[in-house]
Amino acid sequence: MAGHPDAPPGTVAHWRARLMCSFREAGLPEPERDAELLLAQALDRNPVFVLAHPEYRPDAFQNERLTAWLDRRAGGEPMQYILGWREFWRDRFAVSPAVLIPRPETELLVERGAARLAGRERPRILELAAGSGCIGLSLLREAPDARLVALDISPAAMAVAGHNARALGLAAHFLGLVADGPAPFGPQATGYFDLVVATPPTSPQAPRHQRPGETRDCDPRLALAGGADGLDCYRAWLVPALELLRPGGVMLMEFGDGQEAPLQEILSATGHPFRFHEDLSGRPRAFELERRP
Ligand SMILES: C[S@@+](CC[C@H](N)C(=O)[O-])C[C@H]1O[C@@H](n2cnc3c(N)ncnc32)[C@H](O)[C@@H]1O
C-alpha cells in the first residue's frame, strides 16, 4: 500500500497520505480536506480525531471502506454522494445520487423565504422540485409552526426528502408528494399557500455552475434538464403556482446563469410585482414574485 514513506502501513497517517496523494494525482482541488473527511467518516469519528491519532489502525471493515472510497473519489464522484450527506443552512441533509447535492447559493431562497414568513402564523409552504427537501425543511427550522408540502417528480428523490424530514424531527409538519410540477392540487388549494419555493431543473445548455472536483454527470438527469432554453419549468409552473398562492403570498425561485433576461419577460407577463436577488458572487440567482391582493 503506497502512502507516506515514514508512516507505518495500516495507520491513519499512512491512509491520510495515501488518500491525499491519490486525490492530488486525480487533480482534485482539496485533497487534504477530502482525505480527512473520508477518514473521519470511515472511522466514525470527527476530523480532529484523524489529526490527533495518526497511529490509530483502522479495522478490516474500515480499511475496506477506505479502499472503496479512495477509488470513487479519485474517479471524480462528489464527496457528498460518498459521505451520504451535505451541510445546508443549519443542518446535515442526507443525499444520494437520486437528488441534486444542495448548493450553497440556494441558501438565498431560505434567507428570503424566512424573511417573508416572519410574523405569519402557521404559514403554509409549497416546495416544488424538492429533491432532498433542503429548502423547505430549512424553512421549517426557521418557522417551526409552518407546514410544508414538498413535491418532486422522482419517487426516489421524495424518499430522500421524507428521510430528511424524519431525521430532522420535522415529519409532523411535512407532506411529501410525487408529482409533476404543481399539478396535484385541485381548486380547493387555490390561494392556500403563503410561500412557493423552487429550484426548478435548468437545461444542459444553461447548466448550474459546476464546482471543480464534482462530476456533473453524477447529478440526476432530471435535476438539470429544463428544456431547450432551460426555462420550460418556469413557463409551465408559474401560472398554476400563482393560483396556489394567497393574495400577498410570495413565490421564490432560483434560476441558472444568463436566465435573468428571458425570465424578466416571462415574469412581466404575469402582471405581478417581482424583483431579482443576487447570490454571494453577485450573480442574479433568484426571483421573488408577490401575488397582488
Ligand atoms: C435542480 S433540482 C433541485 C433540488 C433541490 N431543490 C435542491 O436545490 O437541491 C430539481 C429537482 O426537480 C425535479 N423535477 C424535475 N422535473 C420535475 C417536474 N416536472 N416536476 C417536479 N419535479 C421535477 C428533479 O427530480 C430534481 O429533484
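Below or above, wherever it landed, is the structure these notes cover.

What counts, and where the lines are drawn
- Residues numbered from 1 in each chain as written.
- Predicted model: local features only at pLDDT ≥ 70, side-chain atom pairs only at ≥ 80, totals over all residues.
- Heavy atoms only, no water.
- Phe/Tyr/Trp six-rings, centres within 6.5 Å; stacked < 30°, edge-to-face > 60°.
- Buried < 20%, exposed > 50% of the residue type's maximum accessible area, 1.4 Å probe, protein only.
- Lys NZ or Arg CZ within 6 Å of the ring centre and 35° of its normal.
- Salt bridge = Lys/Arg side-chain N within 4 Å of Asp/Glu carboxyl O.
- Helix = DSSP H or I, 4+ residues; strand = E, 2+ residues; numbered from the N terminus.
- Near = heavy atom within 4 Å.
- Polar contact = N/O pair within 3.5 Å; in protein donor to acceptor, adjacent residues only side chain to side chain.
- Areas by Shrake-Rupley, 256 points an atom, 1.4 Å probe, with all protein chains shown as cover.
- Expected span 1.5 Å × (residues − 1).
- Bend = angle between axes of the 7 residues up to and from the residue.
- Contact = heavy atoms within 4.5 Å.

If you walk through the whole model with that rule in mind, you get seven aromatic pairs. Relative to Phe93, the ring of Phe88 has its centre 6.1 Å away and its plane inclined at 80 degrees; by these criteria the two rings are edge-to-face. Pair check on accessibility: Phe88 and Phe93 agree, each one buried. Each ring, one from Tyr192 and one from Phe193, has its centre 5.0 Å from the other, and the planes form 80 degrees; the classification is edge-to-face. In this structure Phe193 comes out as buried when scored by relative accessible area, which is 2%. Ring pairs connect the aromatic residues Phe185, Tyr192 and Phe193, which therefore count as one cluster. For the cation-ring pair, Arg92 lies above Trp85, with the distance from its terminal atom to the ring centre recorded as 3.5 Å.

As enumerated under the stated definition, the model contains 18 salt bridges in all. Residue Arg246 pairs with Asp194 through a salt bridge whose shortest N-O separation is 2.6 Å. With Arg246 in strand E7 (residues 245–254) and Asp194 in strand E6 (residues 193–198), this pair connects stretches of sequence that are 52 residues apart. Given the relative accessible area of 12%, Asp194 is considered buried. Note that Arg285 is salt-bridged to Asp257, the shortest N-O span being 2.7 Å. One end of the pair, Arg285, is in strand E9 (residues 284–290); the other, Asp257, is in the loop between E7 and helix H11 (260–268), with 28 residues separating them in the sequence. The exposure class of Arg285 is buried, given its relative accessible area of 1%. Looking at Asp257, the relative accessible area reads 31%, which means it is partly exposed. If you follow the salt bridges from partner to partner, you end up with Arg112, Arg116, Arg275, Glu288 and Glu290 in one network.

Time to look at the site of the ligand. Around the ligand lies a shell of 21 residues, among which Ala129, Asp152, Asp180, Gly181 and Thr199 are the nearest. Take Ala130: an N or O atom from its main chain is 3.4 Å from a nitrogen atom of the ligand. Contacts to the ligand include Ile153, whose backbone N or O atom sits 3.1 Å from a nitrogen atom. Burial of the ligand by the protein chains amounts to 96% of its free accessible area of 600 Å².

Bringing unusual backbone geometry into the picture now. One non-glycine residue, Arg122, lies in positive phi territory at about 45 degrees. Relative to the helices and strands, Arg122 resides in the loop between helix H6 (107–117) and strand E3 (124–128). Among the residues examined, Arg122 registers a relative accessible area of 51% and is labelled exposed. Here the phi dihedral of Ala129 falls at roughly 55 degrees; this positive angle occurs in a residue that is not glycine.

Attention shifts here to helix H10 (residues 232–244). The end-to-end C-alpha distance of H10, which contains 13 residues, comes to 19 Å, matching closely the 18 Å that a straight helix rising 1.5 Å per residue would cover. By the largest-angle criterion, Leu238 marks the main kink of H10, which is about 40 degrees, and a proline, Pro240, follows within four residues. Looking at H10, one finds that the buried residues are Cys233, Tyr234, Trp237, Leu238, Ala241, Leu242 and Leu244. Buried positions along H10 lie against E3, E6, E7, H11 and E9.

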